[in-house]
Amino acid sequence: MTVTATRNEPTPLQFTADKLSLLKVPAGFTLKVMATGLGNARMLHVMPDGGIYLSRRAQGDVWYLKDTNRDGQISATERRQVAQNMKQAHGMDVRNGKMYVVGEKTIWVMNIARDGSLSVPRVFADGFPDAGQHPARTLKWGPDGYLYASFGSTNNDAPTPNPEEATMLRISPDGKTREVFARACGTPSASGGTRSAACCTARIRAATGTATTSRPRN
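Our subject in this report is the structure included herewith. Note that the structure is a prediction, hence the values are computed from the model and not measured.

With that settled, the discussion passes to the layout of surface pockets. The computed volume of the second largest pocket comes to approximately 310 Å³. Taken together, Met-34, Ala-35, Leu-38, Ala-41, Arg-42, Met-43, Leu-44, Val-46, Ile-52, Leu-54, Leu-65 and Ile-74 make up the lining of the second largest pocket. Those elements that provide at least two residues to the lining of the second largest pocket are strand E1 (41-46) and strand E2 (52-56). Examining the composition of the lining of the second largest pocket, we find that five residues originate from one element, E1, more than from any other. Tallied by class, the residues present in the lining of the second largest pocket amount to 11 nonpolar, no polar and one charged.

Take a look at the structure:
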């Protein structure tokens, strides 16, 4: 049997100043633009010295941003690409002076230089499931020294044969072994509905002690 399907993607809208007024903050807070023109910006990782790593899934790269003159804005000279050629690069975390980035089927690791530069990405772990409809992978090092990473299902409509789809995986510190830590993320639930890959993100944060109410889109 052959099935023909159509997948509709929303058209991204570029930032304009009038959109800023649509965002509301509590009394006593102000909101201003720090940087624009960053393309398909997805995840941020803020370093203790104020440097910011930003992943761009569509471009498969990571940028480094830092407000060096402390004017509250990140100009074109205060940002640069520090890693590339990482398919669907999304979630990031830092441990022992190394940056870890998860993409569609791979987790890469890079050494962090004092100026924020990253070494050439090298494979830390590989062979993860296809992305399908849930390509927004996330990861976080846990207090137990293991790396936790979420991998959503390739679809929202049916079970999939790969046992690592719709799971959160617990990966050994050397990246050589892994096991399923949680299931049912991005697959139909028993009640007939579906759960997005973001539920695994929530479980990562619970397992690693970084619970939060925010989560990335799928």
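So much for the structure itself; the text now carries on.
The next subject is the sheet that holds strand E8 (residues 122-126). Read from one edge to the other, the open sheet built from four strands follows the order E5-E6-E7-E8, with strand pairing classed as antiparallel. The open sheet is flanked by strand E5 (92-95) and E8, the only strands paired with a single partner. On average, each strand axis in the sheet is tilted by 25 degrees relative to the strand beside it, whichever way the strands run. In terms of strand pairing, strand E6 (residues 98-102) meets strand E7 (residues 106-111) through five bridges, oriented antiparallel. Bridging from a neighbouring strand, Val-102 pairs with Ile-107 of E7.

To continue, consider the pattern of salt bridges. Applying the stated criterion across every chain, the model contains nine salt bridges. Of the charged contacts, one joins Asp-49 and Lys-66 as a salt bridge, the two residues approaching to 3.2 Å between their closest N and O atoms. Taken as a pair, Asp-49 in the loop between E1 and E2 and Lys-66 in the loop between strand E3 (61-65) and strand E4 (79-83) lie far apart in primary sequence, 17 residues in all. What makes Lys-66 partly exposed here is its relative accessible area of 25%. Here Asp-144 and Arg-170 are joined by a salt bridge, their closest N and O atoms 3.2 Å apart. With Asp-144 in the loop between strand E9 (138-141) and strand E10 (147-151) and Arg-170 in strand E11 (residues 167-171), this pair connects stretches of sequence that are 26 residues apart. Overall, Asp-144 belongs to the partly exposed group, its relative accessible area being 35%. Through salt bridges with shared partners, a single ionic network connects Asp-144, Arg-170 and Glu-179.

Conventions adopted
One numbering rule holds for all chains: residues counted from 1, following each sequence as written. Selection of residues for local features in this predicted model requires a pLDDT of at least 70, selection of side-chain atom pairs for listing and counting requires 80 or more, and totals for whole chains, interfaces and linings are taken over all residues. To obtain the side-chain values, all non-hydrogen atoms of the structure were used and water was disregarded. Cavity: a set of points on a 1 Å grid over the protein atoms alone where a 1.4 Å probe fits but cannot get out. Pocket: an open set with protein on both sides within 12 Å along at least five of seven lines, its lining residues, like those of a cavity, having an atom within 4 Å of a point. Grid points are joined across faces, edges and corners, and a volume is the space filled by probe spheres set on the points. Here a strand is any run of E in DSSP of at least two residues, a helix any run of H or I of at least four, and the numbering for each starts at the N terminus. All residues other than Ala, Val, Leu, Ile, Met, Phe, Trp, Tyr, Cys, Pro, Asp, Glu, Lys and Arg, Gly among them, are scored as polar; the first ten of these are nonpolar and the last four charged. Any two strands between which DSSP finds at least two bridges are classified as paired. Angles here are taken between N-to-C directions and fall from 0 to 180 degrees, while the axes themselves are lines fitted to C-alpha atoms, restricted in helices to the stretch in contact. Put simply, a salt bridge is a Lys or Arg side-chain nitrogen that is within 4 Å of an Asp or Glu carboxyl oxygen. Three labels apply to residues, based on accessible area from a 1.4 Å probe with only protein chains included: buried if under 20% of the type maximum, exposed if over 50%, partly exposed otherwise in between.

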